[in-house]
Amino acid sequence: MYKEKGMVLGAWIIMSNHVHLIFRAREKNPQRLLQSFKSSTAKELIELIKTNPQESKRERYLWFMQLAAKRNKTTKNDIQFWQQHNKPIELWSNDAIQKNLDYIHNNPVVSGEVAEPHHYLYSSAIDYASGKGMLNLHLML
């Protein structure tokens, strides 16, 4: 999905309560690209939560997303997966890229989930440690 939208993915991590992406927009439209990414992934993830018979916390997740939509006066939906704000940072140098790669990949180490960044499954850290992760990436360094 991300390739078709013009996103060149360089790094990623999914934590229990947030996501980090490092990407480049092919057409220099990062805000529109991120909005499109969030919209399409929200639809897919909500559907997965609703239909996965192994999801034991389905009702709780859906309740939280409905509550978020009710509290947000700008949403048009009755359910909200992503928060509406983003915290984009432009990475202008190799030093800035390395600093942010280290930061996102060390999230699960800091939270105590793994001892080494490349041991965390839902991350691109393995790609930067000469392994192969879950997604195809354009390595940033």
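Residues numbered from 1 in each chain as written. Predicted model: local features only at pLDDT ≥ 70, side-chain atom pairs only at ≥ 80, totals over all residues. Heavy atoms only, no water.

### Points about helix α2 (residues 58–71)
Turning to step 1, where the next piece is worked out: In this model α2 runs 20 Å from its N-terminal to its C-terminal C-alpha over 14 residues, within 8% of the 20 Å that 1.5 Å per residue would give.
Turning to step 2, where the next piece is worked out: Where α2 is buried, its residues meet α1 (30–51). (Helix = DSSP H or I, 4+ residues; strand = E, 2+ residues; numbered from the N terminus. Expected span 1.5 Å × (residues − 1). Contact = heavy atoms within 4.5 Å.)

### Considerations on the nonpolar core
Turning to step 1, where the next piece is worked out: Of all hydrophobic cores here, the largest spans 9 residues; its members are A11, I13, M15, I22, I97, L101, I104, V114 and Y120.
Turning to step 2, where the next piece is worked out: Looking at this core, the elements that each hand over two or more residues are β1 (7–14) and α3 (94–105).
Turning to step 3, where the next piece is worked out: If one sorts the elements of this core by residue count, α3 sits on top with 3 residues.
Turning to step 4, where the next piece is worked out: Beyond its immediate chain neighbours, meaning those up to four positions away, Y120 contacts I13, I14, M15, P108, E113 and V114. (Core = buried A, V, L, I, M, F, W, Y, C linked by side-chain atoms within 4.5 Å. Buried < 20%, exposed > 50% of the residue type's maximum accessible area, 1.4 Å probe, protein only.)

### Structural notes on α1
Turning to step 1, where the next piece is worked out: The end-to-end C-alpha distance of α1 is 31 Å, a good match for the 32 Å that 22 residues give at a rise of 1.5 Å each.
Turning to step 2, where the next piece is worked out: Close packing links the buried residues of α1 with β1, β2 (19–25) and α2.

### Re the pairing of β1
Turning to step 1, where the next piece is worked out: Along β1, 7 of the 8 residues are buried, which leaves the element largely enclosed by surrounding structure.
Turning to step 2, where the next piece is worked out: Where β1 folds back on β2, the antiparallel hairpin that results is connected by 4 residues. (Pairing = 2+ DSSP bridges.)

None of the figures reported here should be taken as evidence of function without further support.
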